[in-house]
Amino acid sequence: MYTFSSKLKTFSFILMALGIIGIVYGFLATPKTVEEVEVILSEQHHGGHDSHEAHATPAHGEANAHGDTHNADVQQHQEHQKHLEHVLHQMQNKPWAAVYVGCIFFMLIALGIFTFKQIQYASSAGWSPVLFRVMEGLSAYLLPGSILFFLLLLASSSHFGHNHLFVWMAEGITDPNSENYDALIAGKEGFLNVPFFLIRAVLFLGGWNIFRILARRNSLALGETGDLTYYKRNFKLSAAYLVFFIVTESIMSWDWIMSIDTHWYSTLFGWYVFASFFVSGVTVIALATVYLKNNGYLDFVNTSHIHDLAKYMFGLSIFWTYLWFSQFMLIWYSNIPEEVTYFIFRIEEYNVPFFLMLLFNFVLPILLLMGTDFKRLSWIITMSGICILVGHYLDFYNMIMPGTVGTSWFIGAAEIGSVLFFGGLFIFVGFSAMAKAPLLAKNNPMLEESKHFHY
């Protein structure tokens, strides 16, 4: 029986405490007025510019010219004020967007872990049952993660605390008589409207959690009673879940990520988002397995099991890269303005996280996990896992931040704080759940094959 160590529990509490401090600081440091924004922009531009230029008093024959100049100055001032208001909204969005990225990233990691387990169940895989309890424990974060994420969606829908993450939720955006009217967004109003958006979120989050709760309950009952009826139930449940998941995951990626850039779309986007959080989920399983084994648990797990997890990390990193390149290459080659601007903006304004993402998600996993022997070394898997998780956090950052904060971005207290808070909460919930049941899922008909698995 696994015991949640006091050191790890304390570590998770420290992460959450530091995370809350960082998030709160991020919100408090947000400018509240356009005057504060103007000061910030002036400091960024080494003193800014003098918007009150002196004009010579015109001669009698220059009255009309003076009038034109005055009108131009007024128009320029109005445009400057609109720009400041726009930047203010971006800066006020920044801490919300930082929390949003951290929240959705860790929630989808839990979803990816549960999905991986259900795939193992549906395919009657013989190598993985010894890892089922690890997967069940880590995926327990899906419930609190879903609740927190839904609260964020509610905050966005009600514009709580200057939250304007989704541009299509702006007031008057679909009203032809409003100055905020957007014809393209108005054409999508049948799908992108707040009530339907929240109903879909409830169905998706609720459905995933119901499947996870039922699967966990059947697994525990199988371990306690040995009644194979529970195994058969979980087998059928896994098949039903995968059908539900493949549909809801695609729509989820449109709703919660792609709709942030409402004018842009990609037919590959659902698969792309799936590959990102799925490889992150498998990576977390591998890191937790290595941690538990190195601390004297999981004596029934051998290097072949770890080798197979590393193979999934390697293969899914290639899969993610294939989808990323397919999406990027087709859009870049076709050079359609409303499509290619998505990548142009990210390459020009987010070039550091954009190219670091490719380094961490493709280049480093290839170099570290290419060799067969490397896939059996704990320190290599740990190093590769950290690279993959950092890289895919940056992937979600690149998907969400440009559409919410524009050029007003930097990785600061709110971003670091959100990672620490949700990461600490993930550790606490996941390992607490693992401590509530034996780490070996007994009475699974594939268990003996899994114990003696060697590659």
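Owing to the predicted nature of the structure, the values given are computational and were not obtained by experimental measurement. Numbers given for residues are sequential positions, taken from 1 along each chain in its written order. Totals for whole chains, interfaces and linings use every residue, but because this is a predicted model, local features are given only for residues with pLDDT of at least 70 and side-chain atom pairs only at 80 or more, for both listing and counting. The basis for the side-chain values is all heavy atoms of the structure; hydrogens and waters are excluded.

> I'd like a rundown of the confidence of the model for the protein, residues and numbers included.
The predictor attaches a confidence to each residue, and that confidence, scored 0 to 100, is pLDDT. On average, residues of the protein carry a pLDDT of 90, and 93% of them reach 70 or more. Residues count as neighbours in contact if any of their non-hydrogen atoms are within 4.5 Å of one another. Across residues 47-63, where pLDDT falls below 50, the model places six contacts with residues more than four positions away in sequence or in other chains.

> Account for the environment of Phe116, naming residues and giving values.
As for its position among the elements, Phe116 is in helix α3 (residues 63-122). Considering only alpha carbons, one finds Phe116 and Leu228, 112 residues apart in sequence, at a separation of 22 Å. Strands are runs of DSSP state E lasting at least two residues, helices are runs of H or I lasting at least four, and both sets are numbered from the N terminus onward.

> Give a detailed account of unusual backbone geometry, specifying residues and quantitative values.
Phi is positive for Ser124, which is not a glycine, with a value near 50°. Its location among the elements puts Ser124 in the loop between α3 and α4 (132-139). Burial status follows relative accessibility: with a 1.4 Å probe on protein chains alone, a residue under 20% of its type maximum counts as buried, one over 50% as exposed, and anything between as partly exposed. What makes Ser124 partly exposed here is its relative accessible area of 31%. Phi is positive for Leu298, close to 55°, though the residue is something other than glycine. Among the structural elements, Leu298 can be located in the loop between α9 (269-294) and α10 (303-334).

> Summarise the nonpolar core; cite the residues concerned and give the values.
Only buried residues count toward a nonpolar core, which is a set of Ala, Val, Leu, Ile, Met, Phe, Trp, Tyr and Cys residues joined through side-chain atoms within 4.5 Å. With 136 residues, the main nonpolar core has Tyr100, Ile104, Leu138, Trp208, Trp256, Phe396 and Phe431 as its most contacted residues. Among the elements that make up this core, the one with the highest residue count is α3 (19 residues). Excluding residues that lie within four positions of it along the chain, Ile104 makes contacts with Phe149, Trp256, Ile257, Phe396 and Ile400. Membership of the second largest hydrophobic core comes to seven residues, among which are Val37, Leu84, Val87 and Leu88.

> Please provide a residue-by-residue account of the pattern of salt bridges, values included.
A side chain with one charge can pair with a side chain of the opposite charge if their charged atoms come near. For this analysis, a salt bridge means a side-chain nitrogen from Lys or Arg found within 4 Å of a carboxyl oxygen belonging to Asp or Glu. Enumeration over the complete set of coordinates arrives at eight salt bridges. Glu415 is the partner of Lys94 in a salt bridge, and the nearest nitrogen-oxygen pair spans 2.8 Å. Taken together, the residues Lys94 in helix α3 and Glu415 in helix α14 (residues 413-434) connect sequence positions 321 residues apart. Between Arg346 and Asp261 there is a salt bridge, with the nearest N and O atoms lying 3.2 Å from each other.

> Before we move on, can you summarise the packing of helix α11 (residues 337-349) against helix α12 (residues 351-369) with the specific residues and values?
Relative to each other, α11 and α12 sit at 100°, their axes nearing to 5 Å. The orientation of α11 relative to α12 falls into the category roughly perpendicular. For the pair formed by α11 and α12, the contact residues are Phe343, Arg346, Ile347, Glu348 and Glu349 on the first element and Asn351, Phe354 and Phe355 on the second. Considering only residue class, the contact of α11 with α12 consists of four nonpolar, one polar and three charged. Whenever a helix is involved, its axis is fitted only over the stretch in contact; in every case the axis is a line through C-alpha atoms, and angles between N-to-C directions fall within 0 to 180 degrees. Orientation is classified from the angle alone, with under 35 degrees giving roughly parallel, over 145 giving roughly antiparallel, 65 to 115 giving roughly perpendicular, and any other angle giving oblique. Amino acids outside the nonpolar list (Ala, Val, Leu, Ile, Met, Phe, Trp, Tyr, Cys, Pro) and the charged list (Asp, Glu, Lys, Arg) are all regarded as polar, and Gly is one of them.

> Kindly report on the environment of Cys103, identifying the contributing residues and their values.
Assignment of secondary structure puts Cys103 in helix α3. A relative accessible area of 0% means that Cys103 is categorised as buried. Along the backbone, Cys103 and Gly423 are 320 residues apart, and their C-alpha atoms lie at a distance of 9.2 Å. Residues in contact with Cys103, not counting those within four places in the same chain, are Gly145, Leu148, Phe149, Leu152 and Phe422.

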